[in-house]
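# Examining the three-dimensional arrangement
Letter by letter, the chains look like this.
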Amino acid sequence: MKLIHGNCYEELKNIADNSVDFVLTDPPYELDTHGGGTTEMAQRKLNNKHIDFISDGFEMDVTFNEVIRVSKKVNLVVFCSNKQVSDIMDWWEGLGYSTTILIWDKPNPVPFGNGKYISNLEFMIYVRGKGCTYNSIGYHDQLKTFRYSAPSAKKRKHPTEKPVELLERLLKIHTNENDVVLDMFAGSGTTGVACKNLKRDFIGIELLDEYFEVM
């Protein structure tokens, strides 16, 4: 397991060509941080999440070109907001890669629904290069919908933390034991936990001190 404290756009340059089996990452979303209700309580809850630093998206060209370089065969799942879905799929399909949209369906979404739909869904784009790993692990686990509760606010170490069980399912499908998994937006390191549980090697990059320290 290799944990790197720094800016991923710079640190990715230090990862060797053709050295990564799977990229599983959760970059900053493009979000409207002022939606979900205008009541005092809704706005207070939203502000308390401190999500402004992860609401402006990420440098897609830089990140994805590095994914191509470091990957043995492009094998990527990237979490994204609904505003990013078409841009990410278009980017990869423009290079001839196959893309699939996957859905994380949260049974316990934050109830910001005053004047808009409640955000119980998050999206993942799966990008598949020719010959990359895909394991058949059973009918229900290969559905495009992943239904897992989000970690509770009291237990989360990062405001956009994903459930370990969801990440483990993705790893079982797209990797084998001892494969190298990269997460260049590692947050509090939940992907690393999933990798450790399943005997995968992990490279995690995180910029912010407060999250790197708990990885």
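Residues numbered from 1 in each chain as written. Predicted model: local features only at pLDDT ≥ 70, side-chain atom pairs only at ≥ 80, totals over all residues. Heavy atoms only, no water.

Looking now at the packing of helix H3 (residues 60-70) against helix H4 (residues 85-93). One can describe the packing of H3 onto H4 by two numbers: an axis separation of 12 Å at closest approach and a directional angle of 45°. On the basis of their axis angle, the class for H3 and H4 is oblique. Every pair of crossing elements has a handedness; the one defined by H3 and H4 is right-handed. In this structure, H3 uses Met60, Asp61, Phe64, Asn65, Val67 and Ile68 to contact H4, whose residues at the interface are Asp87, Ile88, Trp91 and Trp92. Of the residues that constitute the contact of H3 with H4, the class distribution is seven nonpolar, one polar and two charged. (Axes fitted to C-alpha atoms, helices over the stretch in contact; angles between N-to-C directions. Helix = DSSP H or I, 4+ residues; strand = E, 2+ residues; numbered from the N terminus. Parallel < 35°, antiparallel > 145°, perpendicular 65-115°, else oblique. Left-handed = near helix turned anticlockwise from the far one by under 90°. Contact = heavy atoms within 4.5 Å. Nonpolar A, V, L, I, M, F, W, Y, C, P; charged D, E, K, R; others polar.)

For the rest of this paragraph, the subject is the sheet that holds strand S1 (residues 2-5). Strand order in the open sheet formed by eight strands is S1-S8-S7-S2-S3-S5-S4-S6, with mixed pairing between adjacent strands. In this open sheet, the two edge strands, each paired with only one partner strand, are S1 and strand S6 (145-147). Strand-to-strand twist across the sheet, computed as the mean angle between neighbouring axes with direction ignored, equals 20°. In this sheet, strand S5 (residues 121-128) lies alongside strand S3 (residues 75-80) in antiparallel orientation, the contact comprising six bridges. (Pairing = 2+ DSSP bridges.)

Ranked by size, the top nonpolar core spans 31 residues in total, and within it Phe64, Ile88, Trp92, Leu182 and Met184 carry the most contacts. For this core, the elements supplying multiple residues, two or more each, are helix H1 (8-11), H3, S3, H4, S5, strand S7 (180-183) and strand S8 (201-206). Top element by residues in this core is H4. It accounts for five residues. When residues no more than four places from it in sequence are discounted, the contact partners of Phe64 are Phe58, Leu76, Ile88, Trp91 and Trp92. Counting residues in hydrophobic clusters, the runner-up holds 22 residues, among them Trp104, Tyr126, Ala150 and Leu167. (Core = buried A, V, L, I, M, F, W, Y, C linked by side-chain atoms within 4.5 Å. Buried < 20%, exposed > 50% of the residue type's maximum accessible area, 1.4 Å probe, protein only.)

With 85% of its residues at a pLDDT of 70 or more, the chain has an overall mean of 87. Note on residues 34-51: pLDDT is under 50 here. Beyond four places in sequence and across chains, it has 27 contacts. (pLDDT = per-residue confidence, 0-100.)

Once that is clear, we can look at unusual backbone geometry. You will see that Asn18, though not glycine, has its phi angle at about 50°, which is positive. Following the sequence through the fold, Asn18 ends up in the loop between H1 and strand S2 (22-25).

With that settled, consider the packing of aromatic side chains. Taken as a whole and judged by the stated rule, the model has eight aromatic pairs. Where Tyr9 meets Phe185, the ring centres are 6.3 Å apart and the plane angle is 75°; that geometry is what we call edge-to-face. In this pair, Tyr9 sits in helix H1 while Phe185 sits in the loop between S7 and helix H6 (190-197), placing the two residues 176 residues apart along the sequence. Its relative accessible area of 17% is what places Tyr9 among the buried residues. A relative accessible area of 14% means that Phe185 is categorised as buried. Between Lys162 and the ring centre of Phe79, over which it is positioned, the NZ or CZ distance is 5.1 Å. The positively charged end of Arg169 is found above the aromatic ring belonging to Phe146, 3.7 Å away from the centroid. (Phe/Tyr/Trp six-rings, centres within 6.5 Å; stacked < 30°, edge-to-face > 60°. Lys NZ or Arg CZ within 6 Å of the ring centre and 35° of its normal.)

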